[in-house]
Amino acid sequence: MIWDALTLQLGYNATLVTLGATLLGMAAGVGGTFLFLRKRALVSDAISHATLPGVALAFMVMVALGGDGRNLIGLLLGAALSAGVGLLLVSWLSNRTRLAEDAAIGSVLSVFFGLGIVLLTVIQTMSAGRQAGLEDFLLGSTAGMLRSDALIIAVAAALTLALVLLLRRPLTLASFDPEYGTAIGQNVPRTDLAMMGLVLAVTVVGLKIVGLILIVALLIIPPVTARFWSERTDHVVLISGALGGIAAYIGAALSAAQPNLPTGPIIVLVGFALFALSLLLAPGRGALSALLRHRRYQRRVHLRQGLLALAHGQPIYEQLTLRLLRAEGYALPDGVATKAGRGRAAKALRDETRWQLIRRDPAYEAAAQQYDGLTPIETVLTADQIREIDSRIDMRGGVMA
Amino acid sequence: MTLELARTRETAPTARADSPLALRGMTVSYGQKPAVFSVDMTVEPGKMTAIIGPNGAGKSTLLKAALGILTPLAGTATVYGKPVAEQRHRIAYVPQRASVDWDFPTRVIDVVLMGLYPQLGLLGRIRPVHRARAADCLARVGMEDFATRQIGQLSGGQQQRVFLARALAQDADLYLLDEPFAGVDAATEKAIIAVLKSLRDAGKTVVAVHHDLSTVPEYFDNVFLINTHRVAEGSVAEVFKSNHLQDAYGGRLAGAQMDALQLS
């Protein structure tokens, strides 16, 4: 059953829903990247919670007008409207009052969500309200989704995706260096507005599938995950889109196979699994690679210090230093240098003397900047330069091996 | 005050049309406190001008207001006689290094390519000719070996040089720099000043917010002294004098500092 779902063999409707969710995940991942890079990720949480009163009010209005309260386009329009109001309130509060943006987000988010819940409760008591299924907008569900609903979601997600790709340059500049963007003639406030509009679109489109409580995860987790894998904006955008698509695809397929599973939470958990893997395993920025790098560096420092101690005939107290020296065959268990160890120690001391001379000589300024006590001097200076330095050491009667 | 205004009007019409950057009555305030008050400035073409003043005198604010990064309360800015908005393609700006997040996922070459965004438009492909241009600009600031590094791996001075390379890529006529020498190493300072002088020698105009009084006569042709109000404007020989400096710094310069400057 699960395999059937993952290979899109559960019938036309389930396939359409899964593909729609995938497109949505890609749009969210791509759009969310700029939100994350602009450091405004939490604004999306305010936007998503602010959709709820709009959904409820749209339902009531459509029922009052004698129509079908569950019309998806109507509900989404209501959601977009109240989310837009919430967004304007957040930016008004943080720009025009002394309230910081986080406080503005918190206030708008909670008030709108509270209002939405009250309205939902009112709807529950209405005669037409019982079958409304509006609770699905909280956590998302693909169960009972109409073919037309899935089609609307797929088209809207595809449009959003296209728009983000069209605006990638202004969005990058507004995120990295808005002042420079303004200076070269970009309308940065309008770019910000477009970005928020895109986020709003993703949120509203994703309401039915992911639910308003968790849509923020689909906007934030993929870019954060993608950041582990690349140092380039365009790559982060693409990877984030792919990760968002994968998470949404797997989540929607699983939930189509097991209709009792809520779609949103599954998508978020799949996204989190990808995040956890990246956090641990990504080269460069991953935790494991950082740990290994740190350990390797620490060992080089200890080995160098140990060799210098041997050269000076000083005792070695640190266990790690001693262990490393022994492992390299430079010292005996009691801390006495071996023949190889004496050679290496003398070389370390000679390099140290060379470095000291270089750092005092302005002619070697560029090379001296690379001094960290570890870098082999042969990688910084040419053989001729080293000979020149050595001749000076000889003249001063410095330590030579 | 009336005298001051009359004098400005007298010289304004001709000078303003030719000036790479002319400000009139520029006023910017944060809340109720003006940071820059009714400042007139007429930058001379083909020269290097330093904007000098004490901390909080509104040097960077003036530059940002001229560019429209900050919205002025009052006043106008013209670039070669026309509104700034119509002349963006002739202006290159080097912001303060501290104004951006250096952990941003972008490489040195990508930052320089941003200088070509106006030319590339929304969808224009980045072609080899653009990459070559960016690489050439990096070479001019001595950073060609760092093209594919993540920007966070650079030292402060190297970051500043990348920002300058981005401005060079724009191939502008007017270069505005906000504290280009703040917190950079001696090698970078030398590299930057060499590039700026080569721009001037090619007929471009350079305006830089500057804080190191001791290097003013060596680096710059003209000086604009500001302390919220305009204090003085003109060539280094005319304006960089103890009476003007004491006006701008409000007696905050010690006698020893003044002596060290060896003012004419």
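Residues numbered from 1 in each chain as written. Chains lettered and ligands numbered in written order. Predicted model: local features only at pLDDT ≥ 70, side-chain atom pairs only at ≥ 80, totals over all residues.

### Description of the overall build of chain B
Line of reasoning, step 1. Along chain B, the regular secondary structure elements total 11 helices and 10 strands.
Line of reasoning, step 2. For chain B, the C-alpha radius of gyration of 19 Å lies close to 18 Å, the compact-globule estimate for 264 residues.
Line of reasoning, step 3. Across its three principal directions, the C-alpha atoms of chain B cover 55 × 40 × 40 Å.
Line of reasoning, step 4. Within chain B, the proportion of its 264 residues that are buried is 44%.
Line of reasoning, step 5. For chain B, the share of sequence-separated contacts (at least 6 apart) that also reach a separation of at least 24 residues comes to 68%. (Helix = DSSP H or I, 4+ residues; strand = E, 2+ residues; numbered from the N terminus. Rg over C-alpha atoms; globule rule 2.2 N^0.38 Å. Buried ≥ 20, exposed ≤ 12 C-beta atoms within 10 Å, placed from the backbone. Contact = placed C-beta atoms within 7 Å.)

### Describing unusual backbone geometry
All names here are of chain B.
Line of reasoning, step 1. In the Ramachandran plot, Ser 38 falls in the positive-phi region, its phi being about 45 degrees despite a non-glycine side chain.
Line of reasoning, step 2. When you line up the elements, Ser 38 lands in strand E2 (residues 33–42).
Line of reasoning, step 3. What makes Ser 38 partly exposed here is the crowd of 19 C-beta atoms within 10 Å.
Line of reasoning, step 4. At Thr 228, a residue that is not glycine, the phi angle is positive and equals roughly 65 degrees.
Line of reasoning, step 5. Following the sequence through the fold, Thr 228 ends up in the loop between strand E9 (222–227) and strand E10 (229–235).
Line of reasoning, step 6. The class of Thr 228 is buried, set by 22 C-beta atoms lying within 10 Å.

### Re the domain arrangement of chain A
Line of reasoning, step 1. Taken domain by domain, chain A consists of domain 1 (2–261) and domain 2 (288–396).
Line of reasoning, step 2. On a C-alpha basis, the centroid separation for the pair domain 1 of chain A and domain 2 of chain A is 57 Å. (Domains from an automatic or database assignment.)

### Re the environment of Arg 24 of chain B
All names here are of chain B.
Line of reasoning, step 1. Tracing the backbone through its elements, the reader meets Arg 24 in strand E1 (residues 22–30).
Line of reasoning, step 2. Arg 24 sits in the partly exposed class, given 18 other C-beta atoms within 10 Å.
Line of reasoning, step 3. In this structure, Arg 24 is in contact with Asp 40, Gly 75 and Thr 76, ignoring residues within four places of it in sequence.

### A closer look at the UniProt feature "domain: ABC transporter" (unreviewed entry) in chain B
Line of reasoning, step 1. What UniProt calls "domain: ABC transporter" (unreviewed entry) maps, in this numbering, to residues 21–253 of chain B.
Line of reasoning, step 2. Each end of residues 21–253 of chain B is marked by a C-alpha atom, and these two atoms are 29 Å apart; helix forms 34% of the span and strand 25%. (UniProt positions renumbered as here; feature names shortened; annotations may be inferred.)

### Some details on the sheet that holds E10 of chain B
Residue and element names in this part refer to chain B.
Line of reasoning, step 1. Taken in spatial order, the 6 strands line up as E6-E7-E8-E3-E9-E10 in an open sheet, and their pairing is mixed. Each having just a single partner strand, strand E6 (91–94) and E10 make up the two edges of the open sheet. Taken pair by pair, the neighbouring strands of this sheet meet at an average axis angle of 15 degrees, ignoring direction.
Line of reasoning, step 2. The pairing of strand E7 (residues 174–178) with strand E8 (residues 205–209) spans 5 bridges and is parallel. Across the sheet, residue Leu 174 finds its bridge partner in E8, namely Thr 205.
Line of reasoning, step 3. Docked against the sheet, helix H2 (residues 59–67) engages strand E3 (48–52), E6, E7, E8 and E9, running at close to 140 degrees with respect to E7.
Line of reasoning, step 4. Where helix H7 (residues 186–201) meets the sheet, its contacts fall on E3, E7 and E8, and the angle it forms with E8 comes to roughly 145 degrees. (Pairing = 2+ DSSP bridges. Axes fitted to C-alpha atoms, helices over the stretch in contact; angles between N-to-C directions.)

### Section: the packing of helix H13 (residues 233–257) of chain A against helix H14 (residues 263–281) of chain A
Residues and elements named next belong to chain A.
Line of reasoning, step 1. Interaxial distance between H13 and H14 falls to 8 Å at its minimum, and their mutual angle equals 135 degrees. With respect to H14, the axis of H13 lies oblique. Here H13 runs over H14; the crossing is right-handed. Contact residues: H13 offers Leu 243, Ala 247, Ala 248, Ile 250, Gly 251, Ala 252, Leu 254 and Ser 255, while H14 offers Thr 263, Ile 266, Ile 267, Val 270, Gly 271 and Leu 274.
Line of reasoning, step 2. Tallied by class, the residues present in the contact of H13 with H14 amount to 10 nonpolar, 4 polar and no charged. (Parallel < 35°, antiparallel > 145°, perpendicular 65-115°, else oblique. Left-handed = near helix turned anticlockwise from the far one by under 90°. Nonpolar A, V, L, I, M, F, W, Y, C, P; charged D, E, K, R; others polar.)

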